[in-house]
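Topology and contacts: notes
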There are 2 protein chains.
Amino acid sequence: MSKMILAFAGGVGGAKLALGLARVLAPEQLTLVVNTGDDFEHLGLHISPDLDTVMYTLAGLANPETGWGQADETWNFLEAVGKLGGETWFRLGDRDLATHVERTRRLRVGESLSQITRDFCQRLDVSAEIIPMSDDPVRTIVHTDEGALPFQEYFVHRRCEPRVRDFEFLGVTSARPHPLLLERLAVAEALIYCPSNPYVSLAPILALPGLRTLIDSRRRAGLPVVAVSPIVGGQALKGPAAKMMRELGLESTAVALAEHYTGTIDGLIIDRADADSASRIESLGLKTLVTDTIMSTEADKIRLAGKSVAFALSFVV
Amino acid sequence: MSKMILAFAGGVGGAKLALGLARVLAPEQLTLVVNTGDDFEHLGLHISPDLDTVMYTLAGLANPETGWGQADETWNFLEAVGKLGGETWFRLGDRDLATHVERTRRLRVGESLSQITRDFCQRLDVSAEIIPMSDDPVRTIVHTDEGALPFQEYFVHRRCEPRVRDFEFLGVTSARPHPLLLERLAVAEALIYCPSNPYVSLAPILALPGLRTLIDSRRRAGLPVVAVSPIVGGQALKGPAAKMMRELGLESTAVALAEHYTGTIDGLIIDRADADSASRIESLGLKTLVTDTIMSTEADKIRLAGKSVAFALSFVV
C-alpha cells in the first residue's frame, strides 16, 4: 500500500503547499487538515477563510494575485452592502459569497462543517481529502496592546497593526479533533506542517484536546513530523508571522521557528536564504532540508511538495 | 395642511404607480403600504420581493426590463451557488443579494422589517414612506390542482403553471397591521389600490385583522377608496392576475375586477381599451375614470399617478 501523508495547513502559504501535495500524491494518499480558528460570523454568514483558501486553491478557483478569494471575482454585492450601511471591511466577492451563503444555510439545517466541505469539494472536483480540524467551533482571539481582538478583526479589519501579546483559542478545550483526523493520524506515514503561521494557523489545530499527545505517541512509534518554514530571510512571505515573532520578543528567523517546534518535529525545511542557519537548527536536534521554498508557480509548489514528502519519508527507518 | 394619500401596493405594477405617486406628492403626503405575503426564506435568507421592488423602483435602482431586481445586475453569486449544488430557480443578482443578506442579519439581531426598510430607504435616498403591511410574518399559499404551493414556489419556480383554486394567507389572523398603517389610515384623505394583483398582492394586506373594518368605517366617514385596474383588455399587464381570474371561474375583465371590489371601493380607473365596460362598472355603483393605464415611461407613471390622486380626491365632498 502506498504511503499516506497527513498535512496540517492554514491559509495562503499552507494552501500553496497543499496544492503541490495534491499534485504529487494520489487522492487516497493525502489528507489535508485545515485550521478553523479563524472562522467567524460576518453579515450573519459563517465564514471559514482557511478552508475556503485551501478548497479554492485545489479547485483551481483561487485568485492568484491575493491567494484568498476567487479569480475573476466581482464586487457588486459588497458595493451594494456599503450603500445599505452594512460592513464592508471583510472583502466578500460575489462568487465567494455563494460558498458562505450555501454553507451557512446547510449549517443551520444541521449539517456539519466537514460534511459540507466534503460535498463542496466533490462538486468542485477537488479529489484530495480536506477536513476541518474540528466540527466544533474554535475561535482564535489575539490579545494585543489594544485589547483582545477576534482574529479577523485583528487580521483584516486592523491589518495586524496592534502589537500581539498572546493568543487564545476560544472553545478549543471542548472541541473534538475531527474523527477523520484521528483516523488518518493513526495510519499516516508522515505528518507535514505546511508553511503556515505557527501561532494562528497551526497552533489552533495542535491545541485540540489530546492531539499533541497522540502525535507525540505516533512520533515515538516512528511517525516522522516535518515542518516547512513560513519564515524566509527573516520575513514571512505572507501574513504576520514575522511581525508576531518580534512582538513576542523572539527573532523572526528560521532558528527561532525551529526553537518553537523543537521537541515536536523531526525536520524543518528552510529556504536557501536561511542556509547559514542550518547548523544552528541541526544543533537543536532537528534535521534540515535547505531548498527553494518560495512557491510562485505551480511547478514551485509541486517541487516543494515532492521534496517535503521525500524529506519526511527519509526519516522512516 | 396638504392632502395625505395612502396607497397599497404589491410588486411590479404597484411599484410603477408608487413611483408616479412619489413624483407628484411630497414625501409627507404619501405612505406606501406594501404586501409581505410573498416574503419567503430562500438559501437561508429572508426575501421580501414586493418591498424590494417598490424600494428599488423608488430608488431608481430597478431593472427596467424585468421590473424586479436591480439594473446593471451581475449573476456571479448565483452561478457559483449552482456549482455548489444550491438552488438557483429564484434569481438573486449580486447587487440584490446585499439587501437580503443585510436584512436577514438585522432581522436575526431583533430589528423589525419596517425599521430595516425605513433605514434602507433612507440610505437609498427614497423619501416616500414605505412600510411593510405588517412586521409579523404572513405567507401566501396558493392552492392549486397540484396541491398547496408557497407563493414563490408557485410564482417563480412553477411559473404560475398549476391551476389556481384558492388562496390562503398563513399567519394573517395573528398578524398585526403595522401601527403606522393604522395611524396613516386614520388621517389619510384618500386610499389608492395600485394596479396590483387583487388576490395575491392586495388581498393579503386587506386580510390583516381589523383592517377592512377600519377602512369601511373611514369610507363611511368620507374617505375615498379608488383602485387602478391591473387588467387591461382582458389581460394582466404583468403577472398571473388574468389567468387566476379565469381559473377561479371568472372573466378576466375590468368588469369582473369591479365586481371583486364592489362595496369596498368608490372608484375604479380602467384603461381606454376597456372604455366600453365603463357603463357596466358604473351600474355596479362604482365611478370610473377611463385613461391610459399602461406605464412604460416615467412620464406615464407620473401622469397616471396624478390622475389617480385627482380622481380619488374628486370624491371628497
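Attention here is on the structure that accompanies the text. This structure is a prediction, so every number in the text was calculated from the model and none was measured. (Residues numbered from 1 in each chain as written. Chains lettered and ligands numbered in written order. Predicted model: local features only at pLDDT ≥ 70, side-chain atom pairs only at ≥ 80, totals over all residues.)

We now examine the sheet that holds strand β5 (residues 129-132) of chain B. Strands belonging to one sheet form pairs held by backbone hydrogen bonds; the direction of such a pair is parallel or antiparallel. Residue and element names in this part refer to chain B. With parallel pairing, seven strands are arranged side by side in an open sheet as β5-β2-β1-β9-β10-β13-β14. Strands at the two margins of the open sheet, each flanked by one partner only, are β5 and β14 (287-291). Strand-to-strand twist of the sheet, defined as the mean angle between neighbouring strand axes without regard to direction, takes the value 20 degrees. Bridge count between strand β1 (residues 5-9) and strand β9 (residues 190-193): four bridges; the pairing is parallel. Bridging across to β9, F8 finds its partner in Y193. (Pairing = 2+ DSSP bridges. Helix = DSSP H or I, 4+ residues; strand = E, 2+ residues; numbered from the N terminus. Axes fitted to C-alpha atoms, helices over the stretch in contact; angles between N-to-C directions.)

What follows concerns the environment of B:L113. All names here are of chain B. Of note, L113 is situated in helix α5 (residues 113-123). Residues L113 and L248, spaced 135 residues apart in sequence, show a C-alpha to C-alpha distance of 33 Å. Contact partners of L113, with chain neighbours within four places excluded, come to S48, L107, P132 and D135. (Contact = placed C-beta atoms within 7 Å.)

Residue and element names in this part refer to chain B. When the terminal C-alpha atoms of helix α4 (residues 94-108) are compared, their 21 Å separation across 15 residues agrees well with the 21 Å that a helix rising 1.5 Å per residue should span. Most of α4 is tucked away, with 13 of its 15 residues classed as buried. Two residues or fewer after α4 comes G110, characterised by a positive phi angle close to 105 degrees. (Expected span 1.5 Å × (residues − 1). Buried ≥ 20, exposed ≤ 12 C-beta atoms within 10 Å, placed from the backbone.)

What follows deals with the packing of helix α4 (residues 94-108) of chain A against helix α3 (residues 76-83) of chain B. Helix packing geometry: the angle between the two helix axes and the distance between the axes. Running from N to C, α4(A) and α3(B) cross one another at 50 degrees; their axes reach a closest spacing of 7 Å. Relative to α3(B), the element α4(A) lies oblique. When you trace α4(A) past α3(B), the crossing you get is right-handed. Contacts between α4(A) and α3(B) involve A:D94, A:R95, A:L97, A:A98 and A:E102 from the former and B:N76, B:F77, B:A80 and B:V81 from the latter. Tallied by class, the residues present in the contact of α4(A) with α3(B) amount to five nonpolar, one polar and three charged. (Parallel < 35°, antiparallel > 145°, perpendicular 65-115°, else oblique. Left-handed = near helix turned anticlockwise from the far one by under 90°. Nonpolar A, V, L, I, M, F, W, Y, C, P; charged D, E, K, R; others polar.)

Listed as interface residues are 25 residues of chain B and, on the opposing side, 25 residues of chain A. If you list the elements that add at least two residues to the side of chain B that touches chain A, you get α3, α4 and α5 of chain B. Take the side of chain B that touches chain A: its biggest share by element is ten residues, from α4(B).

Let us now look at the pairing of β1(B). Residue and element names in this part refer to chain B. Burial within β1 is extensive, with five of its five residues counted as buried. Side chains I5, A7 and A9 of β1 all project onto a buried face; the interleaved residues L6 and F8 project onto the opposite face, where all are buried too. Pairing between β1 and strand β2 (residues 30-34): five bridges, direction parallel. The residue of β2 that forms the bridge with A9 is V34.

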